[in-house]
Amino acid sequence: MTVQTMIPESSAQQRQLFDEALQFAARQVRRLIERYPDFYPMYTHRGRWKHDLPAWTRWCDGFLPGMMWIFCRRAEPGSAEANYWRQQAVRYTRPLERRKHDREVHDLGFIFMSTYRRWHELEPDPALESVIVEAGRTMALRYREKGRYLCSFVAENSLFIDIMMNVGIVFYAAERTGDRRLREIATNHCLTTRRYLVRGDGSTAHEGLFDTETGEFLRQSTHQGWRGDSCWSRGLAWALYGFGTVYDYTRDPRFLATAQACADFYLTHTPADGIPPWDYDAPADSRSLVDTSAAAIAASGLLRLAELAPDPVKALCYAAAARRILETLATRYLARDDEDWEGILKGGVYHLHKGLGVNESVMWGEHFFVEALDRALRT
Ligand code: GLY
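What counts, and where the lines are drawn
Residues numbered from 1 in each chain as written. Predicted model: local features only at pLDDT ≥ 70, side-chain atom pairs only at ≥ 80, totals over all residues. Heavy atoms only, no water. Helix = DSSP H or I, 4+ residues; strand = E, 2+ residues; numbered from the N terminus. Rg over C-alpha atoms; globule rule 2.2 N^0.38 Å. Buried < 20%, exposed > 50% of the residue type's maximum accessible area, 1.4 Å probe, protein only. Contact = heavy atoms within 4.5 Å. Areas by Shrake-Rupley, 256 points an atom, 1.4 Å probe, with all protein chains shown as cover. Lys, Arg positive; Asp, Glu negative; His and termini not counted. Charge placed at Lys NZ, Arg CZ, Asp CG, Glu CD. Core = buried A, V, L, I, M, F, W, Y, C linked by side-chain atoms within 4.5 Å. Near = heavy atom within 4 Å. Polar contact = N/O pair within 3.5 Å; in protein donor to acceptor, adjacent residues only side chain to side chain. Expected span 1.5 Å × (residues − 1). Salt bridge = Lys/Arg side-chain N within 4 Å of Asp/Glu carboxyl O. Axes fitted to C-alpha atoms, helices over the stretch in contact; angles between N-to-C directions. Parallel < 35°, antiparallel > 145°, perpendicular 65-115°, else oblique. Left-handed = near helix turned anticlockwise from the far one by under 90°. Nonpolar A, V, L, I, M, F, W, Y, C, P; charged D, E, K, R; others polar. Pairing = 2+ DSSP bridges.

Draft legend 1. Representation of the overall build of the chain in the model. Within the chain, the secondary structure is distributed over 13 helices and seven strands. For a compact globule of 379 residues, the expected C-alpha radius of gyration is about 21 Å, and the chain comes in at 19 Å, within 12% of that figure. Its C-alpha atoms give the chain principal-axis dimensions of roughly 55 × 50 × 45 Å. Counting over 379 residues, the chain shows a buried share of 62%. The long-range share in the chain, meaning contacts at least 24 apart out of those at least 6 apart in sequence, stands at 69%. Carbon and sulfur atoms provide 48% of the accessible area of the chain, an area that totals close to 15,100 Å². Charged side chains in the chain number 48 positive and 50 negative. The centres of these two groups are separated by 2 Å.

Draft legend 2. How the structure looks around the nonpolar core. In this structure, L326, L329, W364, F368 and F369 are the most contacted members of the largest nonpolar core, which totals 138 residues. When residues of this core are assigned to their parent elements, the largest contribution, 11 residues, is made by helix 12 (residues 312–333). Aside from chain neighbours lying at most four places away, what touches F368 is F63, F110, M165, W238, Y241, A296, I297 and S300.

Draft legend 3. Representation of the site of the ligand in the model. Around the ligand, the neighbouring residues are W59, D162, Q224, W232, R234, W238 and Y350. Taking Q224, its side chain carries an N or O atom lying 2.7 Å from an oxygen atom of the ligand. Between the ligand and R234 there is a distance of 2.6 Å, counted from an oxygen atom to a side-chain nitrogen or oxygen. Its free accessible area being 200 Å², the ligand has 99% of it covered by the protein chains.

Draft legend 4. Quick peek at helix 3 (residues 80–93). Its 14 residues give helix 3 an end-to-end C-alpha distance of 20 Å, which sits within 8% of 20 Å, the value for a rise of 1.5 Å per residue. Residues of helix 3 that are buried: A82, Y84, W85, Q88, A89, V90, Y92 and T93. Where helix 3 is buried, its residues meet helix 1 (11–35), helix 2 (63–74) and helix 5 (116–122).

Draft legend 5. Spatial organisation of the pattern of salt bridges. Applying the stated criterion across every chain yields a total of 33 salt bridges. In this structure, D102 engages R99 in a salt bridge whose closest nitrogen and oxygen atoms are separated by 2.8 Å. There is no split in this pair, since D102 and R99 are both buried. Sharing partners across several salt bridges, the network here consists of R58, D61, R99 and D102.

Draft legend 6. Fine view of the packing of helix 2 against helix 3. Where helix 2 contacts helix 3, the two axes come as close as 8 Å, and the packing angle between them is 155°. Accordingly, the angle class assigned to the pair helix 2 and helix 3 is roughly antiparallel. Handedness of the helix 2/helix 3 crossing: left-handed. Contact with helix 2, carried on its side by L64, P65, M68, W69, F71 and C72, involves A82, W85, R86, Q88, A89, V90, Y92 and T93 of helix 3 and no other residues of that element. Its residues placed into classes, the contact of helix 2 with helix 3 shows 11 nonpolar, two polar and one charged.

Draft legend 7. Representation of the sheet that holds strand 5 (residues 217–221) in the model. Judged by pairing direction, the sheet is antiparallel, and its three strands sit side by side in the order 3-4-5 without closing on themselves. Of all strands in the sheet, those bounded by a partner on one side alone are strand 3 (158–160) and strand 5. Here the average twist between neighbouring strands, direction ignored, is 25°. Sheet topology places strand 4 (residues 207–210) next to strand 5; four bridges connect them, and they run antiparallel. Paired with E207 across the bridge in strand 5 is S221.

Draft legend 8. Geometry of the environment of E216. In this structure, E216 sits in the loop between strand 4 and strand 5. Assessed through its relative accessible area of 47%, E216 is described here as partly exposed. Taking the C-alpha atoms as reference, E216 lies 6.4 Å from G147; in sequence the two are 69 residues apart. In this view, E216 contacts L209, F210 and D211; residues no more than four positions away in its chain are not counted.

What follows is the structure, given as C-alpha coordinates:
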(Lines give C-alpha, C1' and ligand atoms only; values in the text may rest on other atoms or scores of the structure.)
Protein backbone atom coordinates (compact mmCIF):
# COMPACT_ATOMS: atom_id res chain seq x y z
CA MET A 1 0.00 0.00 0.00
CA THR A 2 1.24 3.52 -0.72
CA VAL A 3 0.43 6.86 0.88
CA GLN A 4 -1.91 7.63 -2.02
CA THR A 5 -4.35 4.93 -0.88
CA MET A 6 -4.71 6.08 2.72
CA ILE A 7 -7.96 7.66 3.87
CA PRO A 8 -7.46 10.71 6.11
CA GLU A 9 -8.79 10.61 9.65
CA SER A 10 -11.51 12.91 10.87
CA SER A 11 -10.68 16.51 10.43
CA ALA A 12 -11.43 17.46 14.08
CA GLN A 13 -8.93 14.90 15.36
CA GLN A 14 -6.36 16.06 12.86
CA ARG A 15 -6.85 19.70 13.76
CA GLN A 16 -6.21 18.93 17.40
CA LEU A 17 -3.12 16.88 16.57
CA PHE A 18 -1.74 19.59 14.28
CA ASP A 19 -2.54 22.36 16.71
CA GLU A 20 -0.75 20.55 19.54
CA ALA A 21 2.24 19.89 17.28
CA LEU A 22 2.41 23.61 16.47
CA GLN A 23 2.25 24.51 20.14
CA PHE A 24 5.11 22.11 20.85
CA ALA A 25 7.08 23.62 17.96
CA ALA A 26 6.60 27.12 19.37
CA ARG A 27 7.77 25.96 22.81
CA GLN A 28 10.92 24.42 21.34
CA VAL A 29 11.71 27.58 19.38
CA ARG A 30 11.25 29.69 22.53
CA ARG A 31 13.58 27.33 24.39
CA LEU A 32 16.16 27.66 21.61
CA ILE A 33 16.00 31.48 21.73
CA GLU A 34 16.43 31.48 25.50
CA ARG A 35 19.22 28.91 25.56
CA TYR A 36 21.24 30.22 22.61
CA PRO A 37 20.26 33.85 21.95
CA ASP A 38 21.00 35.17 18.43
CA PHE A 39 22.27 31.80 17.25
CA TYR A 40 21.13 30.44 13.85
CA PRO A 41 21.49 26.66 14.04
CA MET A 42 21.41 24.22 11.12
CA TYR A 43 21.21 20.71 12.50
CA THR A 44 21.47 19.00 15.85
CA HIS A 45 24.15 16.61 17.00
CA ARG A 46 22.73 14.06 19.44
CA GLY A 47 19.73 16.36 19.79
CA ARG A 48 21.76 19.51 20.58
CA TRP A 49 21.83 22.55 18.31
CA LYS A 50 25.24 23.86 19.39
CA HIS A 51 28.27 21.84 18.27
CA ASP A 52 31.47 22.28 16.29
CA LEU A 53 30.51 20.25 13.23
CA PRO A 54 30.76 22.03 9.86
CA ALA A 55 27.93 23.74 7.97
CA TRP A 56 29.17 22.68 4.49
CA THR A 57 27.37 25.79 3.19
CA ARG A 58 25.49 28.51 5.09
CA TRP A 59 22.01 28.31 3.69
CA CYS A 60 19.65 27.95 6.66
CA ASP A 61 19.60 31.30 8.47
CA GLY A 62 16.10 32.23 7.30
CA PHE A 63 14.36 29.15 8.65
CA LEU A 64 14.38 29.99 12.37
CA PRO A 65 13.01 33.53 11.94
CA GLY A 66 10.71 32.14 9.24
CA MET A 67 8.98 30.03 11.91
CA MET A 68 8.78 33.07 14.21
CA TRP A 69 6.87 35.00 11.52
CA ILE A 70 4.40 32.12 11.21
CA PHE A 71 3.88 32.02 15.00
CA CYS A 72 3.47 35.80 14.97
CA ARG A 73 0.78 35.72 12.26
CA ARG A 74 -1.11 32.91 14.00
CA ALA A 75 -1.22 34.71 17.36
CA GLU A 76 -4.12 36.97 18.35
CA PRO A 77 -3.24 40.43 16.99
CA GLY A 78 -2.11 42.74 19.78
CA SER A 79 -1.68 39.88 22.29
CA ALA A 80 1.46 39.42 24.38
CA GLU A 81 2.20 36.32 22.32
CA ALA A 82 1.97 38.21 19.01
CA ASN A 83 4.20 40.98 20.38
CA TYR A 84 6.75 38.46 21.62
CA TRP A 85 6.97 36.66 18.25
CA ARG A 86 7.10 39.89 16.28
CA GLN A 87 9.95 41.20 18.43
CA GLN A 88 11.93 37.96 18.08
CA ALA A 89 11.20 37.65 14.38
CA VAL A 90 12.45 41.19 13.67
CA ARG A 91 15.49 40.60 15.89
CA TYR A 92 16.47 37.48 13.92
CA THR A 93 15.46 38.84 10.49
CA ARG A 94 17.27 42.21 10.47
CA PRO A 95 20.81 40.74 10.60
CA LEU A 96 20.07 38.81 7.41
CA GLU A 97 19.74 41.94 5.29
CA ARG A 98 23.44 42.02 4.41
CA ARG A 99 23.05 38.58 2.85
CA LYS A 100 21.14 40.23 -0.04
CA HIS A 101 24.57 40.71 -1.67
CA ASP A 102 25.82 37.20 -0.83
CA ARG A 103 27.15 35.57 -4.01
CA GLU A 104 28.57 32.54 -2.21
CA VAL A 105 25.29 30.65 -1.87
CA HIS A 106 22.42 29.73 -4.19
CA ASP A 107 19.96 29.92 -1.29
CA LEU A 108 18.76 33.52 -1.25
CA GLY A 109 15.17 32.37 -1.76
CA PHE A 110 15.33 30.27 1.40
CA ILE A 111 16.85 33.16 3.33
CA PHE A 112 14.61 36.01 2.18
CA MET A 113 11.27 34.46 1.20
CA SER A 114 10.87 32.89 4.64
CA THR A 115 11.70 36.14 6.45
CA TYR A 116 11.48 39.48 4.65
CA ARG A 117 8.61 38.29 2.49
CA ARG A 118 6.54 37.13 5.48
CA TRP A 119 7.35 40.38 7.27
CA HIS A 120 6.29 42.39 4.20
CA GLU A 121 3.07 40.36 3.90
CA LEU A 122 2.17 41.21 7.51
CA GLU A 123 3.32 44.84 7.40
CA PRO A 124 3.58 46.02 3.78
CA ASP A 125 6.56 48.35 3.40
CA PRO A 126 8.49 49.25 0.21
CA ALA A 127 11.76 49.14 2.17
CA LEU A 128 11.18 45.47 3.03
CA GLU A 129 10.20 44.67 -0.53
CA SER A 130 13.35 46.29 -1.89
CA VAL A 131 15.50 43.98 0.26
CA ILE A 132 13.83 40.97 -1.41
CA VAL A 133 14.19 42.51 -4.87
CA GLU A 134 17.90 43.17 -4.34
CA ALA A 135 18.40 39.59 -3.14
CA GLY A 136 16.56 38.40 -6.27
CA ARG A 137 18.91 40.45 -8.45
CA THR A 138 21.92 38.95 -6.67
CA MET A 139 20.50 35.47 -7.19
CA ALA A 140 20.16 36.16 -10.93
CA LEU A 141 23.91 36.88 -11.13
CA ARG A 142 24.41 33.10 -10.84
CA TYR A 143 23.01 32.72 -14.34
CA ARG A 144 25.22 30.99 -16.93
CA GLU A 145 24.06 31.82 -20.46
CA LYS A 146 25.89 28.77 -21.77
CA GLY A 147 23.71 26.04 -20.35
CA ARG A 148 20.96 28.48 -19.25
CA TYR A 149 20.91 27.78 -15.52
CA LEU A 150 21.64 29.40 -12.16
CA CYS A 151 24.79 27.65 -10.98
CA SER A 152 25.11 26.04 -7.57
CA PHE A 153 27.49 27.17 -4.83
CA VAL A 154 29.94 24.34 -5.56
CA ALA A 155 31.02 25.42 -9.06
CA GLU A 156 30.01 27.19 -12.27
CA ASN A 157 29.41 23.90 -14.07
CA SER A 158 26.96 22.65 -11.45
CA LEU A 159 23.16 22.88 -11.34
CA PHE A 160 21.35 21.70 -8.18
CA ILE A 161 17.70 20.60 -7.94
CA ASP A 162 17.57 22.60 -4.66
CA ILE A 163 17.73 25.85 -6.66
CA MET A 164 14.11 25.24 -7.71
CA MET A 165 13.25 26.42 -4.17
CA ASN A 166 15.27 29.61 -4.67
CA VAL A 167 14.49 30.66 -8.23
CA GLY A 168 11.15 32.03 -6.99
CA ILE A 169 12.93 35.10 -5.63
CA VAL A 170 14.07 35.95 -9.18
CA PHE A 171 10.45 35.69 -10.41
CA TYR A 172 9.42 37.85 -7.44
CA ALA A 173 12.01 40.51 -8.33
CA ALA A 174 10.93 40.38 -12.00
CA GLU A 175 7.28 40.83 -11.02
CA ARG A 176 7.95 43.76 -8.71
CA THR A 177 10.30 45.61 -11.08
CA GLY A 178 8.91 44.62 -14.49
CA ASP A 179 12.42 43.53 -15.46
CA ARG A 180 11.89 41.11 -18.36
CA ARG A 181 15.47 39.87 -18.33
CA LEU A 182 15.04 38.62 -14.75
CA ARG A 183 11.93 36.73 -15.78
CA GLU A 184 13.72 35.24 -18.78
CA ILE A 185 16.62 34.07 -16.60
CA ALA A 186 14.28 32.46 -14.06
CA THR A 187 12.20 30.78 -16.76
CA ASN A 188 15.26 29.43 -18.57
CA HIS A 189 16.63 28.03 -15.32
CA CYS A 190 13.39 26.16 -14.67
CA LEU A 191 13.23 24.79 -18.21
CA THR A 192 16.85 23.59 -17.99
CA THR A 193 16.22 21.93 -14.62
CA ARG A 194 13.08 20.29 -15.95
CA ARG A 195 14.89 18.98 -18.99
CA TYR A 196 18.00 17.57 -17.32
CA LEU A 197 17.21 16.87 -13.67
CA VAL A 198 13.62 15.61 -13.79
CA ARG A 199 13.33 12.14 -15.30
CA GLY A 200 10.48 10.64 -17.29
CA ASP A 201 9.09 8.83 -14.23
CA GLY A 202 8.99 12.04 -12.13
CA SER A 203 12.08 11.14 -10.10
CA THR A 204 14.88 13.70 -9.84
CA ALA A 205 18.66 13.90 -9.91
CA HIS A 206 20.39 16.08 -7.33
CA GLU A 207 22.92 17.72 -9.64
CA GLY A 208 23.56 18.29 -13.34
CA LEU A 209 27.07 18.94 -14.68
CA PHE A 210 27.70 21.07 -17.76
CA ASP A 211 30.58 21.94 -20.06
CA THR A 212 31.08 25.62 -19.25
CA GLU A 213 32.73 26.32 -22.62
CA THR A 214 29.88 25.01 -24.76
CA GLY A 215 26.94 24.78 -22.33
CA GLU A 216 26.51 21.09 -23.19
CA PHE A 217 24.83 19.01 -20.51
CA LEU A 218 27.21 16.21 -19.50
CA ARG A 219 25.66 14.04 -16.79
CA GLN A 220 23.60 13.70 -13.63
CA SER A 221 25.48 13.60 -10.35
CA THR A 222 24.91 14.00 -6.61
CA HIS A 223 26.40 15.25 -3.35
CA GLN A 224 23.80 14.25 -0.78
CA GLY A 225 22.00 11.44 -2.59
CA TRP A 226 23.05 7.84 -3.05
CA ARG A 227 24.24 8.07 -6.67
CA GLY A 228 23.98 10.27 -9.75
CA ASP A 229 21.21 8.08 -11.13
CA SER A 230 19.30 7.64 -7.86
CA CYS A 231 16.46 9.73 -6.45
CA TRP A 232 17.48 11.62 -3.29
CA SER A 233 14.19 12.13 -1.48
CA ARG A 234 14.82 15.70 -0.34
CA GLY A 235 15.74 16.70 -3.87
CA LEU A 236 12.45 15.25 -5.07
CA ALA A 237 10.59 17.22 -2.40
CA TRP A 238 12.40 20.45 -3.38
CA ALA A 239 11.36 19.84 -7.00
CA LEU A 240 7.74 19.04 -6.15
CA TYR A 241 7.43 22.22 -4.09
CA GLY A 242 9.63 24.42 -6.31
CA PHE A 243 7.93 23.64 -9.63
CA GLY A 244 4.56 24.26 -7.96
CA THR A 245 5.80 27.67 -6.83
CA VAL A 246 7.05 28.63 -10.29
CA TYR A 247 3.74 27.50 -11.78
CA ASP A 248 2.08 29.94 -9.40
CA TYR A 249 4.36 32.75 -10.70
CA THR A 250 4.11 31.89 -14.40
CA ARG A 251 0.92 29.83 -14.96
CA ASP A 252 3.06 27.91 -17.47
CA PRO A 253 1.43 24.44 -17.70
CA ARG A 254 4.83 22.80 -18.23
CA PHE A 255 5.79 23.67 -14.66
CA LEU A 256 2.51 22.38 -13.25
CA ALA A 257 3.01 19.11 -15.15
CA THR A 258 6.52 18.78 -13.72
CA ALA A 259 5.37 19.50 -10.16
CA GLN A 260 2.63 16.90 -10.57
CA ALA A 261 5.03 14.31 -12.02
CA CYS A 262 7.28 14.76 -8.96
CA ALA A 263 4.27 14.60 -6.64
CA ASP A 264 3.04 11.43 -8.31
CA PHE A 265 6.47 9.84 -7.92
CA TYR A 266 6.42 10.77 -4.23
CA LEU A 267 2.92 9.37 -3.73
CA THR A 268 3.55 6.11 -5.51
CA HIS A 269 7.03 5.35 -4.14
CA THR A 270 6.73 6.41 -0.50
CA PRO A 271 5.59 3.95 2.18
CA ALA A 272 2.04 4.20 3.48
CA ASP A 273 3.04 6.35 6.46
CA GLY A 274 4.21 9.08 4.06
CA ILE A 275 7.84 9.21 5.23
CA PRO A 276 10.42 8.45 2.51
CA PRO A 277 13.80 6.77 2.81
CA TRP A 278 16.66 9.30 2.58
CA ASP A 279 17.13 8.10 -1.03
CA TYR A 280 14.55 6.02 -2.91
CA ASP A 281 17.32 3.87 -4.38
CA ALA A 282 19.37 3.53 -1.19
CA PRO A 283 21.12 0.18 -0.77
CA ALA A 284 19.94 -2.32 1.81
CA ASP A 285 22.33 -1.21 4.57
CA SER A 286 20.83 2.30 4.75
CA ARG A 287 17.39 1.61 3.34
CA SER A 288 15.64 2.00 6.71
CA LEU A 289 17.07 5.49 7.27
CA VAL A 290 14.26 7.97 6.60
CA ASP A 291 14.40 11.72 6.06
CA THR A 292 11.56 13.45 7.91
CA SER A 293 12.65 16.80 6.45
CA ALA A 294 11.86 15.53 2.96
CA ALA A 295 8.43 14.49 4.27
CA ALA A 296 7.79 17.91 5.82
CA ILE A 297 8.79 19.72 2.61
CA ALA A 298 6.64 17.36 0.54
CA ALA A 299 3.64 17.90 2.87
CA SER A 300 3.86 21.66 2.51
CA GLY A 301 4.46 21.43 -1.25
CA LEU A 302 1.52 19.04 -1.69
CA LEU A 303 -0.83 21.35 0.21
CA ARG A 304 0.26 24.21 -2.06
CA LEU A 305 -0.15 22.03 -5.14
CA ALA A 306 -3.64 21.07 -3.94
CA GLU A 307 -4.54 24.77 -4.09
CA LEU A 308 -3.05 25.14 -7.57
CA ALA A 309 -4.13 21.92 -9.30
CA PRO A 310 -7.03 22.48 -11.71
CA ASP A 311 -8.11 18.83 -11.39
CA PRO A 312 -10.19 18.53 -8.17
CA VAL A 313 -9.51 14.80 -7.81
CA LYS A 314 -5.76 15.39 -7.87
CA ALA A 315 -6.16 18.30 -5.48
CA LEU A 316 -8.02 16.10 -2.98
CA CYS A 317 -5.44 13.38 -3.33
CA TYR A 318 -2.54 15.80 -2.67
CA ALA A 319 -4.25 17.33 0.35
CA ALA A 320 -5.11 13.91 1.83
CA ALA A 321 -1.54 12.68 1.31
CA ALA A 322 -0.13 15.84 2.92
CA ARG A 323 -2.36 15.41 5.96
CA ARG A 324 -1.34 11.78 6.24
CA ILE A 325 2.35 12.77 6.22
CA LEU A 326 1.71 15.37 8.92
CA GLU A 327 -0.19 12.85 11.06
CA THR A 328 2.77 10.49 10.96
CA LEU A 329 5.28 13.24 11.72
CA ALA A 330 3.16 14.55 14.60
CA THR A 331 2.53 11.13 16.14
CA ARG A 332 5.83 9.32 15.56
CA TYR A 333 8.62 11.86 15.09
CA LEU A 334 7.97 14.77 17.47
CA ALA A 335 10.68 15.09 20.12
CA ARG A 336 7.99 15.71 22.75
CA ASP A 337 8.85 12.77 25.00
CA ASP A 338 12.58 13.48 25.08
CA GLU A 339 13.18 16.39 27.43
CA ASP A 340 16.86 16.69 26.45
CA TRP A 341 16.22 16.86 22.70
CA GLU A 342 16.33 20.49 21.55
CA GLY A 343 14.68 20.12 18.15
CA ILE A 344 11.06 19.68 17.13
CA LEU A 345 11.18 16.82 14.66
CA LYS A 346 13.49 13.82 14.88
CA GLY A 347 14.66 11.74 11.93
CA GLY A 348 16.09 14.33 9.54
CA VAL A 349 19.19 13.76 7.42
CA TYR A 350 21.48 16.52 6.20
CA HIS A 351 24.53 14.93 4.57
CA LEU A 352 24.93 11.18 5.02
CA HIS A 353 28.24 10.89 3.12
CA LYS A 354 29.85 13.60 5.26
CA GLY A 355 28.21 12.25 8.43
CA LEU A 356 26.52 15.60 9.18
CA GLY A 357 23.09 15.70 10.80
CA VAL A 358 22.14 12.06 10.32
CA ASN A 359 18.94 11.05 12.13
CA GLU A 360 18.79 14.47 13.80
CA SER A 361 16.64 17.60 13.82
CA VAL A 362 17.39 19.87 10.86
CA MET A 363 16.34 23.51 10.69
CA TRP A 364 14.67 23.28 7.25
CA GLY A 365 12.70 20.23 8.42
CA GLU A 366 11.46 22.22 11.43
CA HIS A 367 10.56 25.19 9.21
CA PHE A 368 8.62 23.29 6.55
CA PHE A 369 6.90 21.18 9.19
CA VAL A 370 5.63 24.35 10.89
CA GLU A 371 4.69 25.84 7.50
CA ALA A 372 2.79 22.69 6.52
CA LEU A 373 0.92 22.48 9.84
CA ASP A 374 -0.05 26.11 9.49
CA ARG A 375 -1.23 25.49 5.90
CA ALA A 376 -3.20 22.39 6.93
CA LEU A 377 -4.92 24.33 9.71
CA ARG A 378 -5.78 27.19 7.38
CA THR A 379 -7.43 25.01 4.70
N1 GLY B 1 21.63 21.76 0.41
C2 GLY B 1 20.26 21.74 0.63
C3 GLY B 1 19.80 20.49 1.25
O4 GLY B 1 20.51 19.90 2.03
O5 GLY B 1 18.69 20.09 0.98
